[in-house]
Amino acid sequence: MSTTLVVVGSQWGDEGKGKITDYFASHADMVVRYQGGNNAGHSVAFGGKKYSLQSIPSGIFNPQTINVMGNGMVVNPVSVIAELRKLSDQGITEHNLYISTRAAMVMPWHSALDGAYEANLGKALIGTTKKGIGPCYADKYSRIGMRIGDLLEPEYFRMRLEAALAVKNPEMKMLGLPEMDADEIYNQYMEIAEQLKDRIVDTSDLINKHLQGEGNILFEGAQGMMLCIDHGTYPYVTSSTPSAASVPVGAGIAPQWIKTVAGVLKAYCTRVGEGPFPTELHDEIGDGIRERGHEYGTVTGRPRRVGWLDCCVAKYTSRLSGITNWAVTLLDVLSGIDTLRICYAYELDGKVIECPPSTIAALERCKPLYVEMPGWKEDITAVRKYEDLPENARKYLEKVEEITGVPVGLVSVGPDREQTFITSPELKKFAK
Ligand code: IMP
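Residues numbered from 1 in each chain as written. Predicted model: local features only at pLDDT ≥ 70, side-chain atom pairs only at ≥ 80, totals over all residues. Heavy atoms only, no water.

## Some thoughts on the packing of aromatic side chains
Then, in step 1: In this structure the tally under the stated criterion is eight aromatic pairs.
Then, in step 2: Ring centres 5.0 Å apart and planes at 50 degrees place the aromatic pair Tyr51 and Phe61 in the tilted group. Taken together, the residues Tyr51 in strand β4 (residues 49–53) and Phe61 in the loop between β4 and β5 (66–69) connect sequence positions 10 residues apart.
Then, in step 3: The class for Tyr51 is buried, based on a relative accessible area of 6%.
Then, in step 4: Residue Phe61 is classed as buried on the basis of its relative accessible area of 9%.
Then, in step 5: An aromatic cluster is defined as three or more aromatic residues linked by ring pairs; in this entry it consists of Phe46, Tyr51 and Phe61.
Then, in step 6: The cationic tip of Arg158 hangs over the ring face of Tyr186; the distance from NZ or CZ to the ring centre is 5.3 Å.
Then, in step 7: The ring of Phe46 carries the charged tip of Arg417 above its face, separated from the ring centre by 3.9 Å. (Phe/Tyr/Trp six-rings, centres within 6.5 Å; stacked < 30°, edge-to-face > 60°. Helix = DSSP H or I, 4+ residues; strand = E, 2+ residues; numbered from the N terminus. Buried < 20%, exposed > 50% of the residue type's maximum accessible area, 1.4 Å probe, protein only. Lys NZ or Arg CZ within 6 Å of the ring centre and 35° of its normal.)

The structure is reproduced here in structure tokens:
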């Protein structure tokens, strides 16, 4: 029978999901992305080289692994072609990749509108990646969106394009943006169709056939659950649901297939863009973490905001996704800090609460309550066994388990594939 593993981000994104997915991908026949688009920046390092992916699943480095961009994604075909070209230039030339006919397609007006909305929001701006993610999802739900499968049907594509532009061009004019030309877009996208046509299939069918066989399937989340459109820090969120709950819809499978969920948890917190961040650091400890952790956006290059590990957030996101194990990343970045802090609860209006409140106004009033933990001095990047971690590093991880009630199943002590070790039998069956 098939096994499935879901890898999700448990904070505000950038937790190292790409690395964790790549680690498990060598054992997976299939890696599926089920939400988001090229707003993600997944970094993978092995053999002394670094790679970065935006929309392509992190299983692409294993030629025997089928990589699927599921129907729940917003796919920018121009970006897919550019990513494939970049991989080829870096020596990754076999691309086992399929894209769902049902995936929403990012069109040129989406990124133009993303930028214009942000500019008009003034102080209320979200700080998006300006990749057109929100406007594309909005068009999908307004039913004026275009889908990847439309590339296979030139006449239908043309009809949908004209219908969309009849709505979008007046909006762009109103916002002071140049109107777009149907002929130009049609010609550009038909050229793209020629390059991608063999990869565009009914991926729900493909995934379900695998599930009926003996396949091991890995579902790769993008962003983190605090950026969830429903359960995150709205409106400072992305436009999809990064949790395991969106796998069935975004991949086209039944929910009972989801059993094991690895929540990728960075050993501290970061966030890019605007929005509340209770444990944010504005001092040299935060600056040190940013530099040692190379906390600059893979997609936008923006410096990330840095803070202490927030287990209020971790408890909340484990509840939302049914996380069975933490995959703790970037533990090595905390080496050398004398005293570490972990947030275990918030104080809100004189009361102690254990989960983030559901409104932004209340979250902005929350004060983090910390437990202090002694740090460790040793460089741990060469450690390959839990027992070989310094005692205080083990105590730090055990405190996370105690506060959240979720066991640590994997620890990552550096960007390379090799700098990873599994600590739970549950995750062992998904590793090489
Ligand atoms: P959007 O997804 O481009 O609409 O951006 C919405 C918010 O999500 C912004 O705060 C972005 O910085 C954030 N965001 C989107 N993708 C990622 C990601 O992969 N990592 C971290 N933050 C992200």
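## Here's the deal with the site of the ligand
Then, in step 1: By nearness alone, 17 residues border the ligand, and Asp14, Asn39, Thr129, Thr238 and Arg302 come closest of all.
Then, in step 2: Between Asn39 and the ligand, the recorded distance is 2.9 Å, taken from a side-chain N or O atom to an oxygen atom.
Then, in step 3: Take Arg302: an N or O atom from its side chain is 3.1 Å from an oxygen atom of the ligand.
Then, in step 4: Computed on the free molecule, the ligand has an accessible area of 470 Å², of which 97% lies beneath the protein chains in the complex.
Then, in step 5: Residues belonging to the shell around the ligand are distributed by class as follows: six nonpolar, nine polar and two charged. (Near = heavy atom within 4 Å. Polar contact = N/O pair within 3.5 Å; in protein donor to acceptor, adjacent residues only side chain to side chain. Areas by Shrake-Rupley, 256 points an atom, 1.4 Å probe, with all protein chains shown as cover. Nonpolar A, V, L, I, M, F, W, Y, C, P; charged D, E, K, R; others polar.)

## Observations concerning the pattern of salt bridges
Then, in step 1: Scanning all chains against the criterion turns up 20 salt bridges.
Then, in step 2: With its nearest N and O atoms 2.7 Å apart, the salt bridge here joins Lys197 to Glu194.
Then, in step 3: Residue class for Lys197 comes out partly exposed when judged on its relative accessible area of 37%.
Then, in step 4: Residue Asp349 pairs with Arg365 through a salt bridge whose shortest N-O separation is 2.9 Å. With Asp349 in the loop between β16 (339–348) and β17 (351–353) and Arg365 in helix α11 (residues 360–365), this pair connects stretches of sequence that are 16 residues apart.
Then, in step 5: By relative accessible area, Asp349 is classed as exposed at 53%.
Then, in step 6: Of the residues examined, Arg365 reaches a relative accessible area of 41% and is grouped as partly exposed.
Then, in step 7: By sharing partners, the salt bridges in this structure join Asp14, Lys266, Glu295 and Arg304 into a single network. (Salt bridge = Lys/Arg side-chain N within 4 Å of Asp/Glu carboxyl O.)

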